[in-house]
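Inside the fold
Read off the chains here:
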Number of protein chains: 2
Amino acid sequence: MLSRASKYAILSTLYLAEHASKEKKMSVKAIANSINVPSPFLAKLFQQLVKCNIISSTKGPNGGFYLTIENENKTVCDIIEEIDGTNKLDDCFLGLAKCDGNNPCPVHFIVEPFKKKIFGKFRDQTIKEFANEVEAQGSVLFLSGLAVKK
Amino acid sequence: MLSRASKYAILSTLYLAEHASKEKKMSVKAIANSINVPSPFLAKLFQQLVKCNIISSTKGPNGGFYLTIENENKTVCDIIEEIDGTNKLDDCFLGLAKCDGNNPCPVHFIVEPFKKKIFGKFRDQTIKEFANEVEAQGSVLFLSGLAVKK
DNA sequence: AAAATAAAAGATAAAAAGGTCTTTTAATAA
DNA sequence: TTATTAAAAGACCTTTTTATCTTTTATTTT
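Residues numbered from 1 in each chain as written. Chains lettered and ligands numbered in written order. Predicted model: local features only at pLDDT ≥ 70, side-chain atom pairs only at ≥ 80, totals over all residues. Heavy atoms only, no water.

1. A few points about the relation of the copies chain B and chain A
Least-squares fitting of chain B to chain A yields an RMSD of 0.1 Å, with the transformation described by 0.0 Å of translation along the axis and a rotation of 180°. These values place the two chain copies in the arrangement generated by a two-fold rotation axis. Across chain B, the smallest distance between a C-alpha and the rotation axis is recorded for B:Met1, namely 2.4 Å. The residues that chain B uses at the interface reappear at the interface of chain A in 100% of cases, marking a shared surface. (Least-squares fit on C-alpha atoms with pLDDT ≥ 70 in both. Contact = heavy atoms within 4.5 Å.)

2. Here's the deal with the packing of helix 1 (residues 4–19) of chain A against helix 5 (residues 76–84) of chain A
Residues and elements named next belong to chain A. The contact between helix 1 and helix 5 brings their axes to 9 Å, and the two run at 145°. In the crossing of helix 1 with helix 5, the sense of the turn from one axis to the other is right-handed. Contacts from Ala-5, Ser-6, Ala-9, Ile-10 and Thr-13 in helix 1 reach Val-76, Ile-79, Ile-80, Ile-83 and Asp-84 in helix 5. Class assignment of the residues belonging to the contact of helix 1 with helix 5 gives a composition of 7 nonpolar, 2 polar and 1 charged. (Axes fitted to C-alpha atoms, helices over the stretch in contact; angles between N-to-C directions. Helix = DSSP H or I, 4+ residues; strand = E, 2+ residues; numbered from the N terminus. Left-handed = near helix turned anticlockwise from the far one by under 90°. Nonpolar A, V, L, I, M, F, W, Y, C, P; charged D, E, K, R; others polar.)

3. Things to note about the side chain of A:Lys7
In this fold, A:Lys7 is placed in helix 1. The side chain of A:Lys7 is buried and forms no salt bridge, while B:Asp91, the nearest opposite charge, is found at 6.5 Å. A:Lys7 has contacts with A:Leu2, B:Cys92, B:Phe93, B:Leu94 and B:Gly95, leaving out every residue within four places of it along the chain. (Buried < 20%, exposed > 50% of the residue type's maximum accessible area, 1.4 Å probe, protein only. Lys, Arg positive; Asp, Glu negative; His and termini not counted. Salt bridge = Lys/Arg side-chain N within 4 Å of Asp/Glu carboxyl O.)

4. Observations concerning the protein's contact with DNA strand D
In the vicinity of DNA strand D, 27 residues are found, and the nearest of them are A:Pro61, B:Ser27, B:Lys44, B:Gln47 and B:Ser57. If you look at DNA strand D and keep only atoms within 4 Å of the protein, 62% of those are sugar or phosphate atoms. The separation between a phosphate oxygen of DNA strand D and a polar side-chain atom of B:Ser57 is 2.7 Å. Contacts to DNA strand D include B:Gly60, whose backbone N or O atom sits 3.1 Å from a sugar or linking oxygen. Elements supplying a minimum of two residues to the surface near DNA strand D: helix 1 and helix 3 (39–51) of chain A together with helix 3 (39–51), strand 1 (56–58) and strand 2 (64–66) of chain B. Among the elements that line the surface near DNA strand D, the one with the most residues is helix 3 of chain B, at 4 residues. Of the residues assigned to the surface near DNA strand D, the class counts are 11 nonpolar, 10 polar and 6 charged. (Near = heavy atom within 4 Å. Polar contact = N/O pair within 3.5 Å; in protein donor to acceptor, adjacent residues only side chain to side chain.)

5. Let's talk about the interface of chain B and chain A
Quoted interface sizes are often the accessible area lost when the parts come together. The partner chain A presents 38 residues to the 38 residues of chain B that form the contact. Carbon and sulfur atoms make up 71% of the surface buried where chain B meets chain A, a total of about 3300 Å² over both sides. Taken together, the connections running from chain B to chain A amount to 0 salt bridges. Taken together, the connections running from chain B to chain A amount to 4 residue pairs in polar contact (both at pLDDT 80 or more). Sorting the residues of the side of chain B that touches chain A by element identifies helix 1 (4–19), helix 6 (108–124) and helix 7 (127–137) of chain B as the ones contributing at least two each. Broken down by element, the residue count for the side of chain B that touches chain A peaks at 7 residues, all from helix 6 of chain B. (Buried area = accessible area lost by both parts, 1.4 Å probe.)

6. Focus on helix 3 of chain A
Residue and element names in this part refer to chain A. Taking 1.5 Å as the rise per residue, helix 3 with 13 residues should run 18 Å; its terminal C-alpha atoms sit 18 Å apart, in good agreement. For helix 3, the full list of buried residues reads Leu-42, Leu-45, Phe-46 and Leu-49. Each buried residue of helix 3 lies within a common arc of 105° when the element is viewed along its axis, so the set occupies one face. Along helix 3, exposed side chains directed more than 90 degrees from the buried face belong to Pro-40, Lys-44 and Lys-51. If you follow the buried residues of helix 3, they end up packed against helix 1, helix 2 (28–35), strand 2 (64–66) and helix 5. (Expected span 1.5 Å × (residues − 1). Arc of directions from axis to C-beta.)

See the structure below:
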């Protein structure tokens, strides 16, 4: 459904929202280590995310990545659209080119409500809001097996 | 979530359940054309499905693929496990190695009920039952855009 | 200004997924 | 029993995804 790249991008952006700021920028390596993602790959991803204004960066000593207010108002949908292209998320679960209520695939009516729900969340909630929720719920952002509750 | 191979396998097995029988076997090409799937690729898949006893085949004139009673009692889960390996379906939506109620990813509690539902269907319903439902609902099995209601 | 730091850029490599083609084998109908 | 048909088997190719490495550029601190 989502590419690994998208997953990395979502997790690391949420991580930035929670742990970085203009005053406390984070390097790729620090983030990659924290959430357990290959750092050169994440570096490439971050370039892309900076370019499309989903995250921000500065070079040099004490440089790194962080989110501006504008960045914080982006959505997870923006990330997915940037990385995976327009809405891989909305593809038919069984791969039909045209799957809808009139032309339903065999699992359409099971998948549809789920898609509406998660899609709604990804579209309507800002990164900042999402990150706050993640923090409140104690959700995990670490890919590795040994995730520890904060 | 599912590989394309799994999707092809599911659709074509349901198609076989609906359209073929021991008396009316179907060739790869016929099925591939019907549901709009590359036929050499489907041929490979079918070999695998025959080997693990999810579908049946005979060679020669009037040969082709069909389902036995035993085949009809397999499940979609059996297909997925055979093609994608054990339960790619159950992987965390955001890629966490260990994602559960205690260690939830940021969307765990949205994804979990959906997984339970679709997973249950795929596990508890036989191919035959599923195919009957598909027929009753008039669901579409054709990948191409121009699917036509039967 | 010089040294150090960290991202940007881009070339490259490895792995997985998706797809095709050719030869062999088995079954059956003529 | 021969010709034909259709699957089985396996080699091979292409594209996409994932991952790495090296060089350049910008910033900042000393």
